[in-house]
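Per-entry structural report
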Amino acid sequence: MTTRSAERPPPASGAAAAAPSVGLPSLQQLFNGGQALLQESLRVAREVGPRAGFARTLSATKAFSETARDVLVELRNYQQQQQQGGGSAGSPFTRAALAKSLRQLFERLGATYIKIGQFIASSPTLFPEEFVLEFQKCLDQSAPVPYSVVRETLSAELGGDKALTEKFEFIDPVPLASASIAQVHVARLRATGEEVVLKVLKPGVTDTLKADLGFIYLASRLIETLAPDLARTSLGDIVADIRSSILEEVDFSKEQANLEEFRMFLDQAGVTAATCPKVYPELSTRKVLTMERLRGVSLIDLEGIRAYTDDPEGALITALNTWSLSVVLCPSFHADVHSGNLLVLEDGRVGFIDFGIVGRLSPETWRAVTEVGEGFVGQDYQQIAQGLIRMGATAAAVDEEKLAADLEALFERVRTLDPQVVVVADMEAQTAAASVAVDEDQVTRLLLEIVDVASSNGLKLPRQFGLLIKQSLYFDRYTRILAPTLDPLRDTRVNFPKTVEEAEVVVNSQSGRQGSRRRNVKRGDIDDVIIDVTPK
Ligand SMILES: Nc1ncnc2c1ncn2[C@@H]1O[C@H](COP(=O)(O)OP(=O)(O)OP(=O)(O)O)[C@@H](O)[C@H]1O
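Note that the structure is predicted; figures quoted are calculated from it, not measured.

Considering the overall build of the chain
Helix and strand counts for the chain stand at 20 helices and eleven strands. Per-residue burial over the chain gives 50% buried out of 536 residues. Of the contacts formed within the chain by residues at least 6 apart in sequence, a portion of 69% connects residues at least 24 apart. Of the roughly 25200 Å² of accessible surface on the chain, a fraction of 56% belongs to carbon and sulfur atoms.

As structure tokens, this is what we get:
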């Protein structure tokens, strides 16, 4: 991850920086900004290249016109209903309707925009509720590319056809999974007979990303130039954050590093009941990630889990303990523990997969999170309020008492939430999937409520906090499914270490070892920045 300052585009020479507090830019500012923009445009155009840029423009035009057509149809239906005196159709002019059209457009625009959609979905501290909820539905399933194309990438990345045949005894031409950016194939290593999976970047993704991100960057600069007021809402920061987060996901060497970091943490903490795929660095590049295949079932597949362990509750506690220990002891934490990424393996261990999105916390934020956690355990809402105030950014003083009261009311509601949103064990696969979707939607709604309480009290919370809480809420849901009678905050089998020292005590008591297992944690270059989207 990068810091905001490292990624932030340089200010247009004078235009944005010297913007007046209200009104239109002066001619001189427009001239300066325009010049800078022209230079940027030429640079981006050079980076993208004429072919990629042209092809992208064509496909984007098609996506825009399809979406415009859909919006027009909705508009016509709405008008007809209004004329007939009916009123069941929702107005196409609401923010929710706009969010829906935008989500459909993003799906049509493909990889970059699907990733942006996912970024919006996971950033309730940044975007309005309607958009966060709508973009949860952003589908990341795309048609698989033919194996011959995947094979070309594998060959180019791993040393040619001959090397492929030497290294792999078998590569399954039918993909295990296919998403917008990557496709996953099962394979077997010739040398050891080990079963692996190959996560392969789809061809053309990088060109599309360059073209799209270049366009988005230029659009944000154009807005900054034309509307200096908006420039002061940190638009550049948001674009920079989106850009760095997307680029991280398509560079598999980053995911490799995240996996290795997590494995090292498991090893040093002596965790044996959970694992993540081992990476084969000699068979991995920026476009190909070769890793151990984990065989198992999703953490919410209660019936499937029972085939591997007679203690589903124990599996959940292992997942929970491992994840919370990693937040404290590992430089990064898994920031996408949705049900497809947490497995119960055939040998009963818990498997974490997909480390494309990770979070990192600065020491300050971690201290504040600790305070919030302590307050939560002791139901001390004053303390939770203090922690939130410490980690957030405020323009004016926050009324601590009122924030504490609002939080108490919110958590009361959370506790009494309808617990019947569970996946029934013997459901047909499709029905089960639908239930889970509802479940994940609830998780997001809860998070939005917390963010809402904070912002209605004048607090802006860092994006990393949103990521952290979202994972906690996922675990809360899994508890309702796997261990409805478990109270994680009071059960002595569940550990929530609040500091590195406490985490080490947990580790030592589990392993019977003494001494410090503290990693050389570098938390200084963390990007838990607060991005302010409110016009000042
Ligand atoms: N190490 C592994 N062992 C077994 N299956 C795996 C492994 N890695 C990935 N898969 C399978 O491939 C699918 C896609 O992998 P992954 O989640 O890493 O890709 P992704 O592009 O980030 O997908 P998504 O956006 O759905 O999370 C997983 O849901 C899982 O079914």
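Here's the deal with the environment of I353
Among the structural elements, I353 can be located in the loop between β10 (350-352) and β11 (358-359). Beyond its immediate sequence surroundings of up to four residues, I353 is in contact with P277, L294, H334, G340, N341 and L343.

With respect to unusual backbone geometry
A positive phi angle is found at D354, which is not glycine, with a value near 65°. Note on D354: relative accessible area 26%, which makes it partly exposed.

Topic: the packing of aromatic side chains
Enumeration over the complete set of coordinates arrives at nine aromatic pairs. Ring geometry for W323 against F475: centres 5.5 Å apart, planes inclined by 45°, an arrangement best described as tilted. Note that W323 is positioned in helix α14 (residues 312-329) and F475 in helix α19 (residues 463-482), a separation of 152 residues in sequence. As far as the burial class goes, W323 and F475 line up, both buried.

Description of the sheet that holds strand β9 (residues 342-345)
One key point about sheets: their strands pair by backbone hydrogen bonds, in either a parallel or an antiparallel sense. The four strands lie next to each other as β5-β10-β9-β7, forming an open sheet whose pairing is mixed. Looking along the sheet, the strands with just one partner apiece sit at the ends: β5 (274-275) and β7 (296-298). The pairing of β9 with β10 spans three bridges and is antiparallel. By the bridge assignment, V344 is partnered in β10 with V350. Sitting on the sheet, α14 is in contact with β5, β9 and β10, with an inclination near 40° to β10.

Considerations on the site of the ligand
Around the ligand lies a shell of 16 residues, among which K199, P277, E292, L294 and D354 are the nearest. The separation between a nitrogen atom of the ligand and a polar main-chain atom of E292 is 3.0 Å. Here an oxygen atom of the ligand and a side-chain polar atom of D354 are 2.7 Å apart. Isolated, the ligand exposes 600 Å² of accessible area, and the fraction of that covered by the protein chains is 80%. Of all the secondary-structure elements, those providing two or more residues to the shell around the ligand are β4 (195-201) and β6 (288-292). For the shell around the ligand, a count of residues per class yields nine nonpolar, two polar and five charged.

Some points on the nonpolar core
L325, F352, L388 and L407 are the most contacted members of the largest nonpolar core, which totals 110 residues. When we break this core down by domain, the ones giving at least three residues each are domain 1 (32-69 + 94-139 + 207-248) and domain 2 (295-418 + 437-511). Of all hydrophobic cores here, the second largest spans 15 residues; its members include Y147, L164, L198 and V200.

Examining the domain arrangement of the chain
The domain architecture assigned to the chain consists of domain 1 (32-69 + 94-139 + 207-248) and domain 2 (295-418 + 437-511). When domain 1 packs against domain 2, the two sides together hide about 1100 Å² of surface, and 63% of this comes from carbon and sulfur. The largest contributions to the domain 1 side of the interface with domain 2 come from P124, T125 and L133, which together make up 50% of the buried area. For the pair domain 1 and domain 2, the number of links is zero salt bridges. Taken together, the links from domain 1 to domain 2 amount to zero residue pairs in polar contact (both at pLDDT 80 or more). Within the side of domain 1 that touches domain 2, the residues separate by chemical class into six nonpolar, four polar and two charged.

Structural notes on the packing of α14 against α19
In the contact formed by α14 and α19, the axes pass within 10 Å of each other and the chain directions differ by 170°. If you check the angle between α14 and α19, you find them roughly antiparallel. Judged by residue contacts, P312, E313, L316, A319, L320, W323 and V327 of α14 engage L468, Q471, S472, F475, Y478, T479 and L482 from α19. Looking at the contact of α14 with α19 residue by residue, the classes come out as ten nonpolar, three polar and one charged.

Re the environment of V150
Among the structural elements, V150 can be located in helix α7 (residues 147-158). Exposure remark for V150: the relative accessible area of 3% places this residue in the buried category. When the C-alpha positions of V150 and E346 are compared, they lie 29 Å apart, and in sequence the two are 196 residues distant. Beyond its immediate sequence surroundings of up to four residues, V150 is in contact with V145, Q183, H185 and V200.

Notes on the packing of helix α12 (residues 252-269) against α14
The contact between α12 and α14 brings their axes to 11 Å, and the two run at 100°. Here α14 runs roughly perpendicular to α12, going by the angle between their axes. Residue-level inspection shows F262, F265, L266 and A269 of α12 in contact with α14, the latter providing T322, L325, S326 and L329. Per-class residue counts for the contact of α12 with α14 are six nonpolar, two polar and no charged.

Scoring rules and cut-offs
- Residues numbered from 1 in each chain as written.
- Predicted model: local features only at pLDDT ≥ 70, side-chain atom pairs only at ≥ 80, totals over all residues.
- Heavy atoms only, no water.
- Helix = DSSP H or I, 4+ residues; strand = E, 2+ residues; numbered from the N terminus.
- Buried < 20%, exposed > 50% of the residue type's maximum accessible area, 1.4 Å probe, protein only.
- Contact = heavy atoms within 4.5 Å.
- Areas by Shrake-Rupley, 256 points an atom, 1.4 Å probe, with all protein chains shown as cover.
- Phe/Tyr/Trp six-rings, centres within 6.5 Å; stacked < 30°, edge-to-face > 60°.
- Pairing = 2+ DSSP bridges.
- Axes fitted to C-alpha atoms, helices over the stretch in contact; angles between N-to-C directions.
- Near = heavy atom within 4 Å.
- Polar contact = N/O pair within 3.5 Å; in protein donor to acceptor, adjacent residues only side chain to side chain.
- Nonpolar A, V, L, I, M, F, W, Y, C, P; charged D, E, K, R; others polar.
- Core = buried A, V, L, I, M, F, W, Y, C linked by side-chain atoms within 4.5 Å.
- Domains from an automatic or database assignment.
- Buried area = accessible area lost by both parts, 1.4 Å probe.
- Salt bridge = Lys/Arg side-chain N within 4 Å of Asp/Glu carboxyl O.
- Parallel < 35°, antiparallel > 145°, perpendicular 65-115°, else oblique.

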